[in-house]
Amino acid sequence: MRASDVLAGLDPEQRAVATALSGPVCVIAGAGTGKTRAITHRIAHGVLTGAFDPRRTLAVTFTTRAAGEMRGRLRTLGVDGVQARTFHSAALRQARYFWPQITGGELPEISRSKLPLVGSAAARCRVPTDRTVLRDLASEIEWAKVSNVMAESYVESARAAHREVGGVDAETVARVYAAYEDLKTDRGLLDMEDILLAAVGLLAGHPGVADAIRAQYHHFVVDEYQDVSPVQQRLLDLWLGDRDEVCVVGDPAQTIYSFAGAQPDYLLNFPRRYAEAAVVRLFRDYRSTPEVVGVANSVLRGGRTAQAGVVLEAQRPPGPKPSFVEHTDELAEAAWVADQIAKLVANGTPAREVAVLFRVNAQSEAYEQALADAGIAYVVRGAERFFDRAEVRQAAMLLRAATRSADTAPDAPDAAAATAAVLSAAGWSPTPPAGGGAVRERWESLAAVVALAEEVVAARSGATLADVVTELEARAAAQHAPVADGVTLASLHSAKGLEWDAVFVVGCHEGTLPLSYAETPAQIEEERRLLYVGVTRAREQLSISWSLARQPGGRGNRRPSRFLDGVRPGGMARSDHRERSAAAGKGRRSGAPARCRVCGSPLVEAVDRKLGRCGSCPSSMDEALFDRLRAWRLEQAQEQKVPAYVVFTDATLTAIAEARPADTTALSAIPGVGRTKLERYGDDVLDLCRDVGDE
């Protein structure tokens, strides 16, 4: 490919980036404006014109998948040899090479997880914790380390930064932090932050190491620069030395990781630091319709970030108007969202092209239940990297072992079935577990691996288990995680970098977005940016919703998020969804809270509302009927090739087995049995109920 070919098809601003080949360059790139396209074409143009030596060029980003995508795009442009890595990957490579030369020994082992060590440190400090607090402590230690905050100065720094760990005071966090560092040293371990610190120490303390790395790399590109932490910036400074051949790319409007040490000031102050820097702003949005872009711009317009970011200009044709919908309570909101998604899917939108985004993970439960009731498959996207999960590593190990065994799953008709058979040892089953939490997350991970095997079989006739393992390892190397097909449920943080045809941003009321504990102007502004990130994930259809009360019958005193002021259409009437709310709690007075049919207590948990009784109250379930219902459900799920919960959840089957309905009226009164499911499955379920009654 010729250098001139690389520039073809770029818009004027992208071309300006691609042709700025010397000196410092700062690219402010709005959401959907093609920043990866711009910087990969810049690298390719530099290599093809001879301005860059590919072996002397380092592109740094924040995820292995993004780095892999960058390498893939460069290969497509005819450029090989450029190093595209994460900060951690580049630092680890350098530390492993130079550490033995400086210390005479190998780099210490890297701990896979902080939680066991943090737990031991907390126990040493006699700090009682549960798993949630341990995770919070681990996250706080990560923040401190990437912010160059040592344990002895943590209390002062945490107070200055308005840091809080729920239920643990700053002095106690500092003691646990110090104990954690001591334990790590005693056991000869490093954590992920130590990799960056080790590389910084080697370059800063040993001129020969710095000289060698600066001789290796002459040009640097840093993606997602708004997310750089102090220790990462220090590492970049040491790589550069007194040179200025660096191009940084970022969007201040998408700075949402300050809790993890990200500091957008490095991006915002780049032109001050380098007075001769070329500054290019990418503002042409190729992702979203003008209607979605209009909402995104309006969300930012009310805050301080608008001054530093870009005003997006949509390049796509017009699309549907975004909706802003108010609901009486959270159940009504979830039921409405599920209903809208069902209509989208019925009209041809693939379920995988729909997402429900929320501020905190606890909001997921209501939407999981509502989608399951509507017969719509879903996947819950977590923050942990897929291939780092313990169950995924175990699955890969079991599959590799199975390829070496001649008698593994001898009756399996193909590699997909063989994969499912092998993973049954890790807890896989065709039927998902009841409820959510860690057990559900583990099942979803294994379900995604089984789905990957099905993709391999569909794409390659005669595919073997070894082919599945090869594909899994290739995906792991590129951090290209497989997913089970379904609607994505994700937090706004987890959604960054992704996009869907249709996006529902839910729970947009005061106290949740922004969160109630976001008090300082900086914290409020970051909450605004979270909403902006959620809005800009949508290509075509966008819905923003909120509810007036948490529970049906509760006081409707919530207010829509302040970030929607000036964004919602003027004079918009409040939508009344009392009928929907009543449908979510069939059998009770409209607006009245559901009560246990045994003891009369109000029902709070979703599963209890579905059962119509407290979990602690005695069940009248017909176990024989429940077993038959589960067996029937499994047959239906296998025939339709969907997860079993899409047919009916365990809670709904339990409610049916307790009520033993004799006709369609009684069956339709059970939560989870809507009109569609009544039409599809009603006769079968009633026949099963009658069969058990005749025994």
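This one's a predicted model, so the numbers in the text were calculated from it and none came from an experiment. Every chain begins its residue count from 1, and numbering advances along the sequence as written. At least 70 in pLDDT is required for a residue's local features to be given in this predicted model, at least 80 for side-chain atom pairs to be given and counted, and no such filter applies to totals for whole chains, interfaces and linings, which use all residues. Side-chain metrics rest on all non-hydrogen atoms present in the structure, leaving aside hydrogens and water.

Things to note about the environment of E171
Right, so step 1: In this fold, E171 is placed in helix α9 (residues 170-186).
Right, so step 2: E171 gets classed as partly exposed once you look at its relative accessible area, which sits at 37%.
Right, so step 3: In this structure, the C-alpha to C-alpha distance between E171 and E156, residues 15 residues apart in sequence, is 9.6 Å.
Right, so step 4: In this structure the side chain of E171 is engaged in a polar contact, spanning 2.4 Å, whose partner is the side chain of R159. What counts as a helix is a DSSP run of H or I of at least four residues, what counts as a strand is a run of E of at least two, and both are numbered from the N terminus. Buried means the residue's accessible area, taken with a 1.4 Å probe over protein chains only, is under 20% of the maximum for its type, while exposed means over 50%, and partly exposed covers the values in between. What qualifies as a polar contact is a pair of N or O atoms within 3.5 Å, subject to a donor-acceptor requirement within protein and to the restriction that residues adjacent in sequence count only when both atoms come from side chains.

Observations concerning the nonpolar core
Right, so step 1: Ranked by size, the top nonpolar core spans 75 residues in total, and within it W239, L531, L542 and I544 carry the most contacts.
Right, so step 2: Residue ranges assigned to the domains are those given by an automatic or database domain assignment. If you count residues domain by domain, this core takes at least three from each of domain 1 (3-94 + 196-282) and domain 3 (325-564).
Right, so step 3: Each residue touching L542, except ones within four places of it in the same chain, is listed here: V292, V295, P322, S323, V503, V505 and V535.
Right, so step 4: Think of a nonpolar core as a cluster: buried Ala, Val, Leu, Ile, Met, Phe, Trp, Tyr and Cys residues, connected wherever their side-chain atoms sit within 4.5 Å. Counting residues in each nonpolar core, the second largest holds 30 residues, with A122, L134, A158 and A174 among its members. What makes two residues a contact is simply this: any of their non-hydrogen atoms within 4.5 Å.

Describing the sheet that holds strand β16 (residues 538-549)
Right, so step 1: We treat two strands as partners when DSSP finds at least two bridges between them. One open sheet holds the six strands; their spatial order is β11-β16-β15-β12-β14-β13, and the pairing between them is parallel. Edge strands, defined here as strands with exactly one partner in the open sheet, are β11 (323-329) and β13 (378-381). When strand polarity is set aside, the average angle formed by the axes of neighbouring strands in this sheet is 25°. Only the stretch in contact is used when fitting a helix axis, every axis being a line fitted to C-alpha atoms; angles between N-to-C directions are given from 0 to 180 degrees.

Description of the pattern of salt bridges
Right, so step 1: Any Lys or Arg side-chain nitrogen located within 4 Å of an Asp or Glu carboxyl oxygen qualifies as a salt bridge. By the definition in use, this model includes 29 salt bridges.
Right, so step 2: The shortest N-O distance in the salt bridge between E140 and R163 comes to 2.9 Å. Taken together, the positions of E140 in helix α7 (residues 131-146) and R163 in the loop between α8 (154-160) and α9 put the pair 23 residues apart, joining distant regions of the chain. Taken as a pair, E140 and R163 share a single burial class, namely buried.
Right, so step 3: The network of salt bridges with shared partners includes K35, D223, E224, D227 and K496.

As for helix α11 (residues 207-216)
Right, so step 1: For α11, the full list of buried residues reads V209, A210 and I213. Along the axis of α11, the buried positions cluster into a sector of 95°, meaning they face one direction only.
Right, so step 2: As for α11, its buried residues are in contact with α5 (87-103), α10 (192-205) and α12 (230-240). By construction, the arc corresponds to the directions joining the helix axis to the C-beta atoms.

Side note on helix α16 (residues 330-346)
Right, so step 1: Here, expected helix span is obtained from the residue count minus one, scaled by 1.5 Å. With 17 residues, α16 extends 24 Å from end C-alpha to end C-alpha; this agrees with the ideal 24 Å at 1.5 Å per step.
Right, so step 2: Its side-chain oxygen placed 3.0 Å from the backbone nitrogen of L331, D329 serves as the N-cap of α16.
Right, so step 3: Of the residues one or two after α16, G348 is the one with positive phi, at around 110°.

Quick word on the packing of aromatic side chains
Right, so step 1: Pairing of aromatic side chains here covers Phe, Tyr and the six-membered ring of Trp, requires ring centres within 6.5 Å, and sorts the geometry by plane angle: under 30 degrees stacked, over 60 edge-to-face, intermediate tilted. Scanning all chains against the criterion turns up 12 aromatic pairs.
Right, so step 2: Each ring, one from F87 and one from W239, has its centre 6.0 Å from the other, and the planes form 5°; the classification is stacked. Within this pair, whereas F87 is found in helix α5, its partner W239 is found in helix α12, the two being separated by 152 residues in sequence.
Right, so step 3: An aromatic cluster of three or more residues is present, and its members are F62, F87, Y217, F220 and W239.

Brief notes about the sheet that holds strand β6 (residues 219-222)
Sheet strands associate in pairs through backbone hydrogen bonding, adopting either a parallel or an antiparallel arrangement.
Right, so step 1: Spatial strand order, β3-β2-β6-β7-β1-β8: six strands in an open sheet with parallel pairing. Only two strands of the sheet have a single partner each, and these edge strands are β3 (83-86) and β8 (278-282). Taken pair by pair, the neighbouring strands of this sheet meet at an average axis angle of 15°, ignoring direction.
Right, so step 2: Direction of pairing for β6 relative to strand β7 (residues 246-250): parallel, over a ladder of three bridges. Paired with V222 across the two strands is V248, which belongs to β7.
Right, so step 3: Along the sheet, α5 contacts β2 (57-61), β3 and β6; its crossing angle with β3, the most-contacted strand, is approximately 105°.

Side note on the confidence of the model for the protein
Right, so step 1: As a per-residue quantity, pLDDT reports the predictor's confidence and falls between 0 and 100. Residue-level pLDDT values for the protein average 83, and 87% of them are 70 or greater.
Right, so step 2: Model confidence for the protein, summarised as mean pLDDT per element, is weakest for helix α24 (residues 578-584) at 41 and strongest for strand β15 (residues 500-505) at 96.
Right, so step 3: pLDDT under 50 marks residues 571-593. Its contacts with residues more than four places away, or in other chains, come to 37 contacts.

Points about the state of the cysteines
Right, so step 1: Any pair of cysteine sulfurs within 2.5 Å is marked as a disulfide. Using the criterion set out here, one finds zero disulfides in the structure.
Right, so step 2: Free of any disulfide, C26 has its nearest neighbouring cysteine sulfur in C247, separated by 8.3 Å.

Regarding the pairing of β7
Right, so step 1: For β7, the tally of buried residues reaches five of five residues, placing the bulk of the element in the interior.
Right, so step 2: The two faces of β7 match: V246, V248 and G250 on one face and C247 and V249 on the other face are all buried.
Right, so step 3: Pairing geometry for strand β1 (residues 25-29) and β7, over four bridges, is parallel. Bridging across to β7, V27 finds its partner in V249.
Right, so step 4: Here, the term right-handed applies to a crossover whose path from the first strand over the helix to the second runs clockwise when the strands point away from the viewer. Following the backbone out of β6, through α12 and into the adjacent parallel β7, one traces a crossover that is right-handed.

A look at the packing of α16 against helix α17 (residues 364-373)
Right, so step 1: Taken N-terminus to C-terminus, the directions of α16 and α17 make an angle of 45°; their axes are 9 Å apart at the nearest point. Regarding the angle of α16 to α17, the classification is oblique. Considering the relative orientation of α16 and α17, their crossing is right-handed. The segment α16 lies against α17, with E333, A334, A335, V337, A338 and I341 engaging A366, Y367, A370 and L371.
Right, so step 2: Each residue gets one label: Ala, Val, Leu, Ile, Met, Phe, Trp, Tyr, Cys and Pro are nonpolar, Asp, Glu, Lys and Arg are charged, and the others, such as Gly, are polar. Residue composition of the contact of α16 with α17, grouped by class: nine nonpolar, no polar and one charged. We call two directions roughly parallel when the angle between them is under 35 degrees, roughly antiparallel when it is over 145, roughly perpendicular when it lies between 65 and 115, and oblique otherwise. Here a crossing is called left-handed whenever its near helix is offset anticlockwise from the far helix by less than a right angle, and right-handed whenever the offset is clockwise.

Remarks on the side chain of T57
Right, so step 1: Looking at where T57 falls in the secondary structure, it is placed in strand β2.
Right, so step 2: Ignoring anything within four residues of it in the chain, the contact list for T57 reads I43, F52, V82, Q83, Y217 and H219.

A few points about the packing of α5 against α11
Right, so step 1: Contact pair α5 / α11: the axes reach a minimum separation of 11 Å and the direction vectors enclose 145°. As α5 packs across α11, the resulting crossing turns out to be right-handed. The segment α5 lies against α11, with Q94, F98 and I102 engaging V209, A212 and I213.
Right, so step 2: Class assignment of the residues belonging to the contact of α5 with α11 gives a composition of five nonpolar, one polar and no charged.

Some remarks on the pairing of β1
Right, so step 1: Counting buried residues along β1, five of its five residues qualify, which places the element largely inside the surrounding structure.
Right, so step 2: What you see with β1 is no split at all: V25, V27 and A29 on one side and C26 and I28 on the other are buried throughout.
Right, so step 3: Of the pairings in the sheet, the one linking β1 to β8 comprises five bridges and is parallel in character. Opposite A29, over in β8, you have L282 as the bridge partner.

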